[in-house]
Amino acid sequence: MQVSKVNALDYEEFIEVFGNVIEHCPLCAAAVWKHRPFSDVRHLHEEICRFIDDLPVAGREGILRCHPDLAGRLARAGQLTKESKREQEAAGVTSLTPEESQRLDSMNHSYREKFGFPFVICARRNKKEAILEGLRTRLNNSLEAEVEKGIMEVKNICYLRLLDLVDHEGVESRL
Ligand SMILES: NC(=O)N[C@H]1NC(=O)NC1=O
């Protein structure tokens, strides 16, 4: 979709198109609609990031809690959103060996126990080895560091989802 078309969407259409660029958080799209016109996809992303950064820490933790575990219960039950399913498949976490799967489950569990939200990483930018290693090292971080790191990953996931939706010729595909 061209940016001019994005800018012409009414808010219901806008939420329909962009409602899941932050997983299960259509509020983020609803909040930035009023900042039209967007100059390009990057501008739209910046407004979403600003909204997230302005939330109190409980709101940022809440955003993390809206994310499904990688290769977790929802994935096994076939209940992922279409975006998340595609990302998890791209990273290879839907086809783990039994040993890898057990390691991931166990570390996901420890991570949730320690921080009170799931481990979040941009699956399209990390293959399964990097995910397992990232989870292992990030388990040692402080709560503050993990809110910050997790939200940075959410912003990366969001940017790639936006690039799937908005024409972006000439716009840098990395942040
Ligand atoms: N837990 C977690 O990181 N979930 C995700 N990551 C990603 O790229 N898509 C997701 O759903």
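Bear in mind the structure is a predicted one, so any value in this text is a computation, not a measurement. (Residues numbered from 1 in each chain as written. Predicted model: local features only at pLDDT ≥ 70, side-chain atom pairs only at ≥ 80, totals over all residues. Heavy atoms only, no water.)

**Side note on the packing of helix 8 (residues 98-115) against helix 9 (residues 128-138)**
And step 1. Remark: helix 8 packs on helix 9, axes separated minimally by 10 Å, with the N-to-C direction vectors making an angle of 35 degrees. When the axes of helix 8 and helix 9 are compared, the crossing they make is left-handed. Residues Glu100, Arg103, Leu104, Met107, Asn108, Tyr111 and Phe115 of helix 8 pack against Lys128, Ile131, Leu132, Leu135, Arg136 and Arg138 of helix 9.
And step 2. Residue composition of the contact of helix 8 with helix 9, grouped by class: seven nonpolar, one polar and five charged. (Axes fitted to C-alpha atoms, helices over the stretch in contact; angles between N-to-C directions. Helix = DSSP H or I, 4+ residues; strand = E, 2+ residues; numbered from the N terminus. Left-handed = near helix turned anticlockwise from the far one by under 90°. Contact = heavy atoms within 4.5 Å. Nonpolar A, V, L, I, M, F, W, Y, C, P; charged D, E, K, R; others polar.)

**Considerations on the nonpolar core**
And step 1. If you look at the biggest cluster of nonpolar residues, it comprises 49 residues, and the most contacted ones within it are Phe14, Phe18, Ile22, Ile48 and Ile63.
And step 2. If you tally residues by element for this core, the top one is helix 10 (residues 143-165), at nine residues. (Core = buried A, V, L, I, M, F, W, Y, C linked by side-chain atoms within 4.5 Å. Buried < 20%, exposed > 50% of the residue type's maximum accessible area, 1.4 Å probe, protein only.)

**Here we look at the UniProt feature "domain: Oxo-4-hydroxy-4-carboxy-5-ureidoimidazoline decarboxylase" (unreviewed entry) in the protein chain**
And step 1. UniProt feature "domain: Oxo-4-hydroxy-4-carboxy-5-ureidoimidazoline decarboxylase" (unreviewed entry): in the numbering of this structure it lies at residues 7-162.
And step 2. Between the end C-alpha atoms of residues 7-162 the distance is 14 Å, and the span holds 65% helix and 0% strand. (UniProt positions renumbered as here; feature names shortened; annotations may be inferred.)

**Quick notes on the packing of aromatic side chains**
And step 1. Taken as a whole, this structure holds seven aromatic pairs when the rule is applied.
And step 2. An angle of 45 degrees between the planes, with centres 4.9 Å apart, marks the rings of Phe14 and Phe18 as tilted. Residue Phe14 and its partner Phe18 are located together in helix 2 (residues 11-18), separated by four residues, close to a single helical turn. Both residues of the pair, Phe14 and Phe18, belong to the buried class.
And step 3. Residues Tyr111 and Phe119 carry aromatic rings whose centres are separated by 5.4 Å and whose planes lie at 75 degrees to one another, so their mutual orientation is edge-to-face. One exposure class covers both Tyr111 and Phe119, and it is buried.
And step 4. Between the NZ or CZ atom of Arg36 and the centre of the ring of Trp33, over which it lies, the distance is 3.8 Å. (Phe/Tyr/Trp six-rings, centres within 6.5 Å; stacked < 30°, edge-to-face > 60°. Lys NZ or Arg CZ within 6 Å of the ring centre and 35° of its normal.)

**Quick notes on the site of the ligand**
And step 1. Around the ligand, the structure places Pro68, Leu70, Ser84, Glu87, Phe119, Val120, Ile121, Cys122, Ala123 and Ile157.
And step 2. Contact distances for the ligand include 2.8 Å between a nitrogen atom and a backbone N or O atom of Phe119.
And step 3. For the ligand, an oxygen atom lies 2.8 Å from a polar atom in the backbone of Ala123.
And step 4. Calculation on the ligand without its partners gives an accessible area of 290 Å², and the protein chains cover 100% of this total.
And step 5. At a threshold of 2 Å from the grid points, most atoms of the ligand map onto the largest cavity. (Near = heavy atom within 4 Å. Polar contact = N/O pair within 3.5 Å; in protein donor to acceptor, adjacent residues only side chain to side chain. Areas by Shrake-Rupley, 256 points an atom, 1.4 Å probe, with all protein chains shown as cover. 1 Å grid on protein atoms, 1.4 Å probe; cavity = no way out; pocket = protein on both sides within 12 Å on 5 of 7 lines; lining within 4 Å. Sits in = over half its atoms within 2 Å of the grid points.)

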